[in-house]
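Below, each chain spelled out in residue letters.
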Amino acid sequence: MLSGIQPTGSLHIGNYLGALRNWVREQDRYENYFCIVDLHALTVPQDPEVLRAKTLEVAALYLASGLDPARCEIFLQSHVAAHTQLGWIMECLTPMGWLERMTQFKARSQAQGRERVGTGLFTYPALMAADILLYDADLVPVGDDQRQHIEYSRDVAQRMNSMYGEGTVHVPAPLIRDAGARVMGLDDPTVKMSKSIGAARPAHAIFMLDPPDVIRRKVSRAQTDAEPAVRPPVGAGVANLLDMYAALNDLSRDSAVEHFSSKPYSVLKSETADVLIGALEPIQTRYAELRADEAGLRRVLGESASRARVVAAATLERVQHAVGLL
Ligand code: TYM
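The rules behind these values
- Residues numbered from 1 in each chain as written.
- Predicted model: local features only at pLDDT ≥ 70, side-chain atom pairs only at ≥ 80, totals over all residues.
- Heavy atoms only, no water.
- Axes fitted to C-alpha atoms, helices over the stretch in contact; angles between N-to-C directions.
- Helix = DSSP H or I, 4+ residues; strand = E, 2+ residues; numbered from the N terminus.
- Parallel < 35°, antiparallel > 145°, perpendicular 65-115°, else oblique.
- Left-handed = near helix turned anticlockwise from the far one by under 90°.
- Contact = heavy atoms within 4.5 Å.
- Near = heavy atom within 4 Å.
- Polar contact = N/O pair within 3.5 Å; in protein donor to acceptor, adjacent residues only side chain to side chain.
- Areas by Shrake-Rupley, 256 points an atom, 1.4 Å probe, with all protein chains shown as cover.
- Nonpolar A, V, L, I, M, F, W, Y, C, P; charged D, E, K, R; others polar.
- Buried < 20%, exposed > 50% of the residue type's maximum accessible area, 1.4 Å probe, protein only.
- Arc of directions from axis to C-beta.

S.K.: Talk me through the packing of helix α3 (residues 48-64) against helix α13 (residues 265-292); I want residue IDs and the actual numbers.
M.R.: One can describe the packing of α3 onto α13 by two numbers: an axis separation of 9 Å at closest approach and a directional angle of 125°. In terms of orientation, α3 lies oblique with respect to α13. Like other packed secondary-structure pairs, α3 and α13 cross with a definite hand, here right-handed. From α3, A53, L56, E57, A60, L61, L63 and A64 reach across to α13, where they touch I283, R286, Y287, L290 and R291.

Written as structure tokens, this is what we have:
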């Protein structure tokens, strides 16, 4: 199992429910590689000091959420040079048309203009495919927004195998759990919750490190609709709160609807805030301890990177040989 998060901002409840929590839950079943994809963060401009601080923050949040360094490799993408080396080979195998169809690239390049966005934003999926293929990953646990990138990783892996021989690389599959796979913005439930919007609009996201009173305030202001109470069919804002409540309590959406049936939105909001605080408070306490021990964090990252390098080097050598590098 392999997955990763970009250290481009503060992690939010979408990152937790869509990705991190599932990694923790499944870590006993697989051999695990969890990367902090700092090279991907460079596809948009970053303040160097902030990037370093956010990288350590994400590492501490991985551990605070319950990833166990005895069972998972937890490392930085930039510490294993094979990622960029294999990334180049994947770029060479990828038709430009495939990358032009990526919805994330289309959205970003339309917003900022093709003349202005970096080339790395365009070739980003090829580096992501390299992340996955280097460890012969079977499964890639992610939120729904990464589905297209993983489909591309499968396509490019199959292309490599058909050009250079079956078994050159292992074809991965996405692992997307229904619950929490698509958490929407609190201030606008038509867009997915995102780190970048959250940094610009305080009412958009619940961050994993938000204190309880902030969580309560944000949830109480979440956009709903003019209905007086929870009654199907529910609008997008109410559905988003119900989904968060259901995911955090391991319930189906239907059971959550039944629980709140005909109750006013104030009850839905206060109980959703309760479960969010209940889930995040213990993580925040562990986070504070882990983040205070920076040497300990760096040790985990360093030891994992050493082991990851060995696995990655073997795959890279296999691919280099297959494509004809001496
Ligand atoms: P990133 O950093 O945008 O997001 C990290 C993880 O959080 C999930 N996620 C969400 N899930 C539910 N609701 C949301 N609103 C939400 N927002 C984000 C994402 O689906 C993801 O699982 N390209 C990746 C990083 C990456 C990667 C990889 C992932 C690079 N290499 C290799 C897997 C394997 C990204 O930008 O994730």
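From this point on, the discussion continues.
S.K.: I'd like a rundown of the site of the ligand, residues and numbers included.
M.R.: Close to the ligand lie 27 residues; Q6, Y124, D131, D145 and K195 are nearest. One nitrogen or oxygen atom from the side chain of Q6 is found 2.8 Å from an oxygen atom belonging to the ligand. Here a nitrogen atom of the ligand sits 2.8 Å away from a polar atom, N or O, in the main chain of V183. Coverage of the ligand by the protein chains reaches 97% of its 710 Å² of free accessible surface. Sorting the residues of the shell around the ligand by element identifies β1 (2-5), α1 (13-26) and α7 (119-133) as the ones contributing at least two each. Here the residues of the shell around the ligand are counted per class, giving twelve nonpolar, eleven polar and four charged.

S.K.: Account for helix α10 (residues 212-220), with residues named and values stated.
M.R.: V214, I215, K218 and V219 are the residues of α10 that are buried. Down the axis of α10, the smallest arc covering the buried residues is 130°, so these residues share one side. Among the structural elements, α11 (236-249) and α13 are those in contact with the buried residues of α10.

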